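A look at the structure
Chain by chain, the residues run as shown.
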Amino acid sequence: MQLTFLGTGAGIPAKARNVTSIALKLLEEKGSIWLFDCGEATQHQILHTNIKPRRVEKVFITHLHGDHIYGLPGFLASRSFQGGESPLTVYGPKGIADYIAVSLKVSQTYLKYELNIVEVNEGIILDEDQFYVEAKMLEHGVQSFGYRIVEKDRPGALLTEKLAEMGVKPGPLFREIKAGKEVTLENGTIINGKDFVGPSIKGRIVTILGDTRSCSAAVELARAADVLVHEATFSEKEAAIAGEYYHSTAGQAATNAKEAGVKFLILTHISARYDTTETLLEEAQAIFPASSVAEDFKEYEIPAYKE
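Residues numbered from 1 in each chain as written. Predicted model: local features only at pLDDT ≥ 70, side-chain atom pairs only at ≥ 80, totals over all residues. Heavy atoms only, no water.

A word on the overall build of the protein
Just so we agree on the cut-off: Counting from the N terminus, the helices are DSSP H or I runs at least four residues long and the strands are E runs at least two residues long. Three exposure classes are used, based on accessible area relative to the maximum for each residue type with a 1.4 Å probe and protein chains only: buried under 20%, partly exposed in between, and exposed over 50%. Any two residues having at least one pair of non-hydrogen atoms within 4.5 Å are treated as being in contact. Methods summary: accessible areas were calculated by the Shrake-Rupley approach with a probe of 1.4 Å, and residue burial reflects only the protein chains presented. Asp and Glu count as negative and Lys and Arg as positive, but His and the ends of the chain are not part of the count. A charged residue contributes its charge at one atom only: NZ of Lys, CZ of Arg, CG of Asp or CD of Glu.
Counting its secondary structure elements, the protein contains ten helices and 16 strands. In terms of principal-axis extent, the alpha carbons of the protein reach across some 75 × 50 × 35 Å. The buried share among the 307 residues of the protein stands at 52%. Counted over contacts in the protein with a minimum sequence separation of 6, partners at least 24 positions apart contribute 63%. Carbon and sulfur atoms make up 50% of the accessible area of the protein, which totals about 14600 Å². Positive and negative side-chain charges of the protein, numbering 32 and 41 respectively, have mean locations separated by a distance of 4 Å.

Here you go:
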């Protein structure tokens, strides 16, 4: 599980920062990539990485401001032109379906893959074998969502030594035992697989927020997350401006991270007014030391919990 930042700026592109887009790589877990927001020129940013558009399986849009969606029609088209044939689902606020439909219709773009669009409400919006995603509404000038991506706990290690003591040799039965099923051995003994599997392995949690003022929903979505990606458009000196325009400061993001008990905070959506991010980082680390500022193309590994 890895985060790759394709764009980390706010509002308009800057020389050092493109507008917002984040890739969550789930290549080992699912063989796919999930994209969060798709600002203008996201497909250009992808060209500087090892990301294959056809591997993108889902796109989650936080809100419909242009710096988060202007790159979406181009990405959808390029994915088709570059051989993407597997289905893709776009999740986003009400209005995302109209935006995509009009963009593709007017440009006469025809996709070679099945495109599904889900206009989300608060709650669990996706529940699969390995992951589920929860959405909550944040506080912004338009409807804006945060997403909590939860990896489900995995079965623990198979207690092979305990099985060996019972004369069970490695083979097809191991898979059934690992799955916790009841299994009949060659001697007729019936065992419960759950008795031969160690404690479950904790799954990881990643929270990615859209644009927002500091609010309780941000904290709830981030509770005990391994990584929180939080906008920090302004420094503390511009706190009044941040509140007026429904954005957060670096200090507010850090306060939310601390209250939520997250392990690591990544600040993004940085205003172009800042030539450097030293002040933003200092403000955040003064409250929550485990803070970092995202940069375009920077990657963050989210290590799995061990057995």
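There's more to say after this.
What to know about the sheet that holds strand S16 (residues 299–301)
This is how the line gets drawn: A pair of strands is labelled paired if DSSP reports no fewer than 2 bridges between them. Axes here refer to lines fitted to C-alpha atoms; in helices the fit is confined to the stretch in contact. Angles between the N-to-C directions go from 0 to 180 degrees.
Across the sheet, seven strands lie side by side as S6-S5-S4-S3-S2-S1-S16; this open sheet has mixed pairing. Each edge of the sheet is formed by a strand with only one pairing partner; in this case those strands are strand S6 (115–119) and S16. Direction aside, neighbouring strands of the sheet carry axes that sit 20° apart on average. Pairing analysis gives three bridges linking strand S4 (residues 56–60) to strand S5 (residues 88–92), with the strands arranged parallel. Across the sheet, the residue bridging to Phe60 is Tyr91, located in S5.

Focus: the sheet that holds strand S15 (residues 291–293)
The strand order across the open sheet built from seven strands is S7-S8-S9-S12-S13-S14-S15, with neighbouring strands paired in mixed fashion. Edge positions in the sheet fall to strand S7 (123–127) and S15, since each has one partner strand and no second. Shown here is a sheet whose adjacent strand axes are inclined to one another by a mean of 20°, direction ignored. The sheet strands contacting helix H10 (residues 278–287) are strand S14 (264–268) and S15, and the helix crosses S15 at an angle near 165°.

Things to note about the packing of helix H9 (residues 250–260) against H10
Going by this rule: Note that the term roughly parallel is reserved for angles under 35 degrees, roughly antiparallel for angles over 145, roughly perpendicular for angles of 65 to 115, and oblique for everything else. Note: crossing handedness is left-handed where the near helix turns anticlockwise from the far helix by less than a right angle, and right-handed where it turns clockwise. Think of it as three bins: nonpolar holds Ala, Val, Leu, Ile, Met, Phe, Trp, Tyr, Cys and Pro, charged holds Asp, Glu, Lys and Arg, and polar takes everything else, Gly as well.
It is the contact of H9 with H10, at a shortest axis distance of 8 Å, that shows an interaxial angle of 30°. In terms of axis orientation, H9 runs roughly parallel to H10. For the crossing formed where H9 meets H10, the hand is right-handed. On H10, the residues that touch Ala250, Gly251, Ala254, Thr255 and Lys258 of H9 are Leu280, Glu283, Ala284 and Ile287. Here the residues of the contact of H9 with H10 sort into five nonpolar, two polar and two charged.

Brief notes about the side chain of Asn256
To keep it simple, the criterion reads: Polar contacts here mean pairs of N or O atoms no more than 3.5 Å apart (in protein, one a potential hydrogen donor and the other a potential acceptor; neighbouring residues in sequence count only if both atoms are side-chain atoms).
Structurally, Asn256 is set in helix H9. Within the local environment of Asn256, its side chain forms a polar contact with the side chain of His230, the two groups lying 3.1 Å apart. In contact with Asn256, other than residues within four places in its own chain, are Ser214, Cys215, Ala218, Val219 and His230.

What to know about the packing of aromatic side chains
What counts, and what does not: What counts as a ring pair is set by centres within 6.5 Å for rings of Phe, Tyr and Trp (its six-membered ring), and what kind of pair is set by the plane angle: stacked under 30 degrees, edge-to-face over 60, tilted for all other angles. Remark: a charge is flagged as sitting over a ring if the NZ atom of Lys or the CZ atom of Arg is within 6 Å of the ring centre and within 35 degrees of the ring normal.
For the structure on display, the rule yields eight aromatic pairs. For the pair Trp34 and Phe131, a centre-to-centre distance of 5.8 Å together with 65° between the ring planes defines the contact as edge-to-face. Of this pair, Trp34 sits in strand S3 (residues 32–36) while Phe131 is found in strand S8 (residues 131–137), placing the two residues 97 residues apart along the sequence. Note on Phe131: relative accessible area 0%, which makes it buried. Seen in terms of ring centroids, Phe264 and Tyr300 are 6.1 Å apart; in terms of plane orientation they differ by 45°. Their pairing is tilted. Of this pair, Phe264 sits in strand S14 while Tyr300 is found in strand S16, placing the two residues 36 residues apart along the sequence. Note on Tyr300: relative accessible area 9%, which makes it buried. A cation sits over an aromatic face here: Arg79 above Tyr113, 4.5 Å from the ring centre.

Describing helix H4 (residues 96–106)
How we decide: The arc refers to the directions leading from the helix axis to the C-beta atoms.
Inspection of H4 places Ile96, Ile100, Ser103 and Leu104 among the buried residues, and these make up the whole buried set. Each buried residue of H4 lies within a common arc of 90° when the element is viewed along its axis, so the set occupies one face. Exposed residues on H4 whose side chains face more than 90 degrees from its buried face are Asp98, Val102, Lys105 and Val106. On the buried face of H4, the contacting elements are helix H3 (72–81), S5 and S6. In the stretch just after H4, Gln108 is the one whose phi turns positive, near 50°.

Considering the pattern of salt bridges
Quick note on the threshold: Salt bridge, as applied in this entry: a Lys or Arg side-chain nitrogen positioned within 4 Å of an Asp or Glu carboxyl oxygen.
Taken as a whole and assessed by the stated rule, the structure comprises nine salt bridges. Here Asp226 and Lys263 are joined by a salt bridge, their closest N and O atoms 3.8 Å apart. With Asp226 in the loop between helix H7 (216–222) and strand S13 (227–231) and Lys263 in the loop between H9 and S14, the pair connects residues that are 37 residues apart, well separated along the chain. Exposure remark for Asp226: the relative accessible area of 8% places this residue in the buried category. A single salt-bridge network, built from bridges that share partners, covers Glu29, Glu151 and Arg204.

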